[in-house]
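# Residue-level structure breakdown
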Amino acid sequence: MATGHTDPQRRERILAATLDLITEEGVAGVSHRKIATRAQVPLGSMTYHFTGIDDLLRQAFTRFADHIVAVFEHHLSRADSPEQAREAVTDLIHTVSEGPRRDLVLAHELYTLAARRPEYRQLTQEWMHRSRHLLEQHFDADTARQLDALIEGLTLHRALADSPHDRTLTRRAVDRITAT
């Protein structure tokens, strides 16, 4: 366990441990004690770095949303034409749906929390706004909104299917939404 007053990574370890614990046990399984143990920090560090469990959850989920937006940005920033943007969206759906289960679980834990507790809706609204902004660099606002929903839906369906649909079906769905 890291001790002493100088532990510059302590806050980051706490946030990472929070996301790991949410992945394994859900938001309902989160407690200061469990997080402190997992992060290998003194229990008092929890209240030193965060005002409470809600502050900790908001900051951890903000970190997760930043990660997902960076994945969007990575895929979409390389597109220089509408055709490349459609291909980037297709790649994004397959990358996320085939990626770490952790991301899928965390996204749905956040959505569930936001559905139950209005104070978390702001975080999901900001996340969706950022994702749509990246899509709007290639598509009009209405199409970006539809694509954002398509990405969420197809990602979930592919990730949970016993036999996920193939890339051709994904691309046809992207083409239908982006047709002008």
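A short tour of the structure in this document, coming up. Throughout this document, residue positions are counted from 1 along each chain, in the order its sequence is written. Under the rules for a predicted model, residues below a pLDDT of 70 receive no local features and side-chain atom pairs below 80 are neither given nor counted, while totals for whole chains, interfaces and linings still include all residues. Computation of side-chain values covers all heavy atoms of the structure but excludes hydrogens and water.

### Focus on the pattern of salt bridges
For clarity, the threshold we go by: The term salt bridge refers to a pairing of a side-chain nitrogen on Lys or Arg with a carboxyl oxygen on Asp or Glu at a separation within 4 Å. We count a stretch as a helix when DSSP gives it H or I for four or more residues in a row; a strand needs E for two or more, and each element gets its number in order from the N terminus. Whether a residue is buried, partly exposed or exposed follows from its accessible area with a 1.4 Å probe, protein chains only, as a fraction of its type maximum: under 20%, in between, or over 50%, in that order.
Scanning the model with the defined rule gives 17 salt bridges in all. In this structure, Arg38 and Glu24 form a salt bridge, with 2.7 Å as the shortest nitrogen-oxygen distance. Of this pair, Arg38 sits in helix 2 (residues 32-39) while Glu24 sits in helix 1 (residues 10-25), and the two are 14 residues apart along the sequence. Arg38 sits in the partly exposed class, given a relative accessible area of 34%. The closest approach of N and O atoms between Arg171 and Glu87, which form a salt bridge, is 2.5 Å. Linking Arg171 in helix 9 (residues 167-178) with Glu87 in helix 5 (residues 82-98), this pair joins segments that are 84 residues apart in sequence. Looking at Arg171, the relative accessible area reads 13%, which means it is buried. Where salt bridges share partners, they join Glu83, Arg86, Glu87, Asp91, Arg167, Arg171 and Asp175 into one cluster.

### Quick notes on the packing of helix 8 (residues 141-160) against helix 9
Relative orientation and spacing of two packed helices are given, respectively, by the angle between their axes and the distance between those axes. Operational definition: Axes here mean lines fitted to C-alpha atoms, for a helix over just the part in contact, with angles spanning 0 to 180 degrees between N-to-C directions. For classification purposes, an angle smaller than 35 degrees is called roughly parallel, one larger than 145 roughly antiparallel, one from 65 to 115 roughly perpendicular, and anything else oblique. What makes a crossing left-handed is the near helix being turned counterclockwise from the far one by less than a right angle; a clockwise turn instead makes it right-handed. Pairs of residues are marked as contacts when any of their non-hydrogen atoms sit within 4.5 Å.
In the contact formed by helix 8 and helix 9, the axes pass within 10 Å of each other and the chain directions differ by 165°. In terms of orientation, helix 8 and helix 9 fall into the roughly antiparallel class. In this structure, the crossing between helix 8 and helix 9 has a hand that is right-handed. On helix 9, the residues touching Thr143, Gln146, Leu147, Leu150, Leu154 and Arg158 of helix 8 are Thr170, Ala173, Val174, Ile177 and Thr178.

### Here we look at the side chain of His75
Applied cut-off: Polar contact criterion, stated in full: a pair of N or O atoms within 3.5 Å, where within protein one must be able to donate a hydrogen and the other to accept it, and residues adjacent in sequence count only if both atoms are side-chain atoms.
When you line up the elements, His75 lands in helix 4 (residues 53-76). Side chain to side chain, His75 and Thr95 meet in a polar contact 3.5 Å long. When neighbours within four sequence positions are excluded, His75 is seen to be in contact with Ala88, Asp91, Leu92 and Thr95.

### Here's the deal with the nonpolar core
What counts is decided by this rule: Nonpolar core, defined: a set of buried Ala, Val, Leu, Ile, Met, Phe, Trp, Tyr and Cys residues in which side-chain atoms within 4.5 Å join the residues together.
Within the largest apolar cluster, 49 residues are counted, with the highest numbers of intra-cluster contacts made by Ile14, Ile35, Phe61, Phe72, Val89, Trp127 and Leu135. Counting residues per element, the ones that place at least two in this core are helix 1, helix 2, helix 4, helix 5, helix 6 (101-116), helix 7 (118-135), helix 8 and helix 9. The greatest single-element share of this core, amounting to eleven residues, is contributed by helix 4. Not counting the four nearest positions on each side in its chain, Phe61 is found in contact with Leu19, Ile22, Val27, Leu106, Glu109, Leu110, Leu113 and Leu123.

### Concerning helix 1
Here is the rule we go by: By this rule, a helix spans an expected 1.5 Å times one less than how many residues it contains.
Compared with the 22 Å implied by 1.5 Å per residue over 16 residues, the 22 Å span of helix 1 between its first and last C-alpha is a close match. All of the buried residues along helix 1 are Arg10, Ile14, Leu15, Ala17, Thr18, Leu19, Leu21 and Ile22. Among the structural elements, helix 2, helix 3 (44-49), helix 4 and helix 6 are those in contact with the buried residues of helix 1.

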